[in-house]
Amino acid sequence: MDIQVRTLTAEDYKDLKRSMEKAYGNEAGEVWTRENIEDIIELFPEGQLCVEVNGKVVACALSLIIDSKKTNIYKKYHQIIDDGKFTVHDDDGDILYGIEVFVHPDHRSLRLGRRLYDARKELCEEMNLKSIIAGGRIPNYHNYADKMTPRTYIEKVKRKEIYDPTLTFQLSNDFHVHKILKNYLPEDKESNEFATLLMWDNIYYEPDARASSASKQTIRLGLVQWQMRLFKNVEEFYDQVEFFVDAVSDYGADFILFPEFFNTPLMSPYNDLPERHAMERLAELTSEIVAKMQQLAVSYNVNIIAGSMPTMEYKKLYNTSYLCHRSGKLDMHKKLHITPNEFKYYGMVGGNDIEVFDTDCGRVGLLICYDVEFPEVGRIMADQGMQILFVPFMTDTQNGYMRVRICSQARAIENECYVAIAGCVGNLPRVNNMDIQYSQSAVFTPSDFAFPNNGIKAEATPNTEMVLIADVDLYALRDLHEYGTVKILKDRRKDLYQVVKE
């Protein structure tokens, strides 16, 4: 699956119309004409957003800019759009007014509406607009109209006592009800012709400034310090994984990192087998688990580093980490350096590729546990433009953990990048060689004035299951590289030495 959020073009109209008809059930008067779409794109191209899934447009959000001092924001819907003439649009206005959002019903499980709302928020911030405003239907109200007023209904939806498919979604996306509108859509019988005027406030709005940079500079990381526990079956394991993905995505995270071998509790049914055979049986589940993680990445709109899992290729056993992009793309890294115990008990072998991956939030690298203790690999990745290094790890003792931690801090300093590490905690007595775990997940930074004095952005409580959320600033890395107190990557003596990839 390939998912892209982008601006709409006139050439998309055929797909757009098909999706609109499915979304609205072919109701007359609900479908935008080709002329409408061409006009609004010409008027305000940046504000017309769509989601493309496998090359087809399946969701759309249309917007205008209005001047809150000149336009009555309490007007009825057809007055705001001026029956498709869009005369209220004002390039010098201060509010982004949403006039349409729809998702093809076959793709609603992918949470594409949330992506469109997030894209609108980014646009609002980039254009330095004060807020986003939209009229919202309350389609479940007709079931309660004889029992309560619209105001009571809305309050009950806020308190989650009543579910409304439109209002519940908008409230969960940080919109608040500014006003109740009467006769907003006279043909809307489900809402009894009532609607909510919804508002999202741009806290970065500067009244006397113009549009800011369109580049995203702050990236939110979510690290899962995973408690080892036995599961009755793989579905119970998926429930635990989805719990964390759901929790981290609710914080608006761009990445979620799981630990190395976080799925080894699923080895318990094979504990009577020799260690190698048990790990091979676990490897049989990997493709299914990766597919599930890809589905969660797309559905929750978060890039997932799926820890690491065993994989079999041509009778060789590898320790492999997967980067499941929220666009549906998949990348992988095979652990390069196999520990003595991995070789002794499982006969694992190391991979041969050193790659940096492009994501929608910068260039990232993956190293698994022991890999981070070899500085040459991190330096090669830094030369490929790595900005964030993710290190899923598993350590049984504190001294083993300290090797991973201290080396990770060194990689952050010497390569002018962020390093995020996540490990497992607790005990797993019914799985051979996975008995005890020690972990303190953390995010490390370079060492200069723009960063914490100790080079630690955030760290978890040791040996406790939890989620660690931290923001990292990519612009700070750029400034460090050009203007830092020391310039490690620039000051290397390449006339004396070089680290090269063969």
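Residues numbered from 1 in each chain as written. Predicted model: local features only at pLDDT ≥ 70, side-chain atom pairs only at ≥ 80, totals over all residues. Heavy atoms only, no water.

A. The nonpolar core, seen in detail. The biggest cluster of nonpolar side chains holds 45 residues, and the ones touching the most others in it are W226, F237, F258, M293 and I304. At seven residues, helix α7 (residues 234-250) tops the list of elements feeding residues into this core. Each residue touching M293, except ones within four places of it in the same chain, is listed here: V241, F258, F262, I304, A306 and C324. One finds Y13, M20, L181 and Y184 within the second-largest nonpolar core, a separate group that totals 32 residues. (Core = buried A, V, L, I, M, F, W, Y, C linked by side-chain atoms within 4.5 Å. Buried < 20%, exposed > 50% of the residue type's maximum accessible area, 1.4 Å probe, protein only. Helix = DSSP H or I, 4+ residues; strand = E, 2+ residues; numbered from the N terminus. Contact = heavy atoms within 4.5 Å.)

B. Region of the structure containing the sheet that holds strand β4 (residues 95-103). Taking strand neighbours across the sheet as the criterion, the seven strands line up as β1-β2-β3-β4-β5-β7-β6 in an open arrangement whose pairing is mixed. Pairing within the sheet leaves two strands with one partner each, and these edge strands are β1 (3-7) and β6 (176-182). Each adjacent strand pair in this sheet contributes to an overall mean axis angle of 25°, direction not counted. Packed onto the sheet, helix α2 (residues 34-43) meets β3 (56-66) and β4 and runs at close to 55° relative to β3. (Pairing = 2+ DSSP bridges. Axes fitted to C-alpha atoms, helices over the stretch in contact; angles between N-to-C directions.)

C. Representation of the environment of S439. Positionally, S439 belongs in the loop between β19 (436-437) and β20 (442-444). S439 gets classed as buried once you look at its relative accessible area, which sits at 0%. Residues in contact with S439, not counting those within four places in the same chain, are Q225, F393, Y401, G423, C424, V425, P462 and N463. Side chain to side chain, S439 and Q225 meet in a polar contact 3.3 Å long. (Polar contact = N/O pair within 3.5 Å; in protein donor to acceptor, adjacent residues only side chain to side chain.)

D. Just the layout of surface pockets, in detail. By volume, the second largest pocket amounts to about 620 Å³. At the level of elements, α10 (340-346), α12 (398-414) and β19 are the ones that each hand at least two residues to the lining of the second largest pocket. For the lining of the second largest pocket, the element with the highest residue contribution is α10, accounting for five residues. Among the residues making up the lining of the second largest pocket, the classes are represented as ten nonpolar, eight polar and seven charged. (1 Å grid on protein atoms, 1.4 Å probe; cavity = no way out; pocket = protein on both sides within 12 Å on 5 of 7 lines; lining within 4 Å. Points joined across faces, edges and corners; volume = space filled by probe spheres on them. Nonpolar A, V, L, I, M, F, W, Y, C, P; charged D, E, K, R; others polar.)

E. Spatial organisation of the pairing of β3. In terms of residue burial, β3 counts as a mostly covered element, since ten of its eleven residues are buried. The pairing of strand β2 (residues 49-53) with β3 spans five bridges and is classified as antiparallel. For E52, the partnering residue across the bridge sits in β3 and is V57. From the end of β2 to the start of β3, which pair antiparallel, there are two residues, and N54 there has a positive phi angle of about 50°. Note that β3 and β4 share eight bridges and pair antiparallel. When the sheet's bridge partners are listed, I65 is paired in β4 with L96.

F. Broad picture of empty space enclosed by the protein. For the structure on display, the rule yields one cavity of 30 Å³ or more. Lining the largest cavity we find M267, Y270, N271, L273, E275, A278, Y346, N432 and N433. Along the lines of polarity and charge, the residues of the lining of the largest cavity split into five nonpolar, three polar and one charged.

G. Quick look at the packing of aromatic side chains. Tallying each qualifying case throughout the model produces 23 aromatic pairs. Here the aromatic rings of W226 and F244 are separated by 5.9 Å at their centres, their planes lie at 50°, and the arrangement is tilted. On the criterion of sequence distance, the pair formed by W226 in strand β8 (residues 218-227) and F244 in helix α7 is long-range, its members being 18 residues apart. Exposure class is identical for W226 and F244. Each is buried. Judged by centre distance (5.2 Å) and plane angle (25°), the rings of F258 and F262 are stacked. Judged on exposure class, the residue F258 and its partner F262 are both buried. An aromatic cluster of three or more residues is present, and its members are W226, F231, F237, Y238, F243, F244, F258 and F262. One Lys or Arg, K179, reaches over the ring of Y74 and ends 5.4 Å from the middle of that ring. (Phe/Tyr/Trp six-rings, centres within 6.5 Å; stacked < 30°, edge-to-face > 60°. Lys NZ or Arg CZ within 6 Å of the ring centre and 35° of its normal.)

H. Representation of α7. Spanning 17 residues, α7 covers 24 Å between terminal C-alpha atoms, matching the ideal 24 Å at 1.5 Å per step. Considered for burial, the residues of α7 that qualify are V234, F237, Y238, Q240, V241, F244, V245, V248 and S249. On an axial view of α7, the arc spanned by its buried residues comes to 165°, and they lie on one face. Across α7 from its buried face, at more than 90 degrees, point the exposed residues D239 and D250. Looking at the packing, one finds that the buried side of α7 touches α4 (112-126), β8, β9 (255-257), α9 (286-300), β10 (303-305) and β22 (466-473). Sitting at the head of α7, N233 places a side-chain oxygen 3.1 Å from the backbone nitrogen of E235. Looking one or two places after α7, you find G252, whose phi comes out positive at around 75°. (Expected span 1.5 Å × (residues − 1). Arc of directions from axis to C-beta.)

I. Examining the pattern of salt bridges more closely. Under the criterion given, the structure shown has 29 salt bridges. Notably, a salt bridge pairs R229 with E465, separated by 2.8 Å at the nearest N-O pair. Of the two residues, R229 is situated in the loop between β8 and α7 and E465 in the loop between β21 (456-459) and β22; the sequence distance between them amounts to 236 residues. E465 gets classed as partly exposed once you look at its relative accessible area, which sits at 26%. Among the ionic pairs, R326 bridges to D360, the shortest N-O distance being 2.7 Å. Pair noted here: R326 is in the loop between β12 (316-324) and β13 (330-334) and D360 is in the loop between β14 (356-359) and β15 (362-366), with a separation of 34 residues, a long-range link. One salt-bridge network, held together by shared partners, links R6, D12 and E52. (Salt bridge = Lys/Arg side-chain N within 4 Å of Asp/Glu carboxyl O.)

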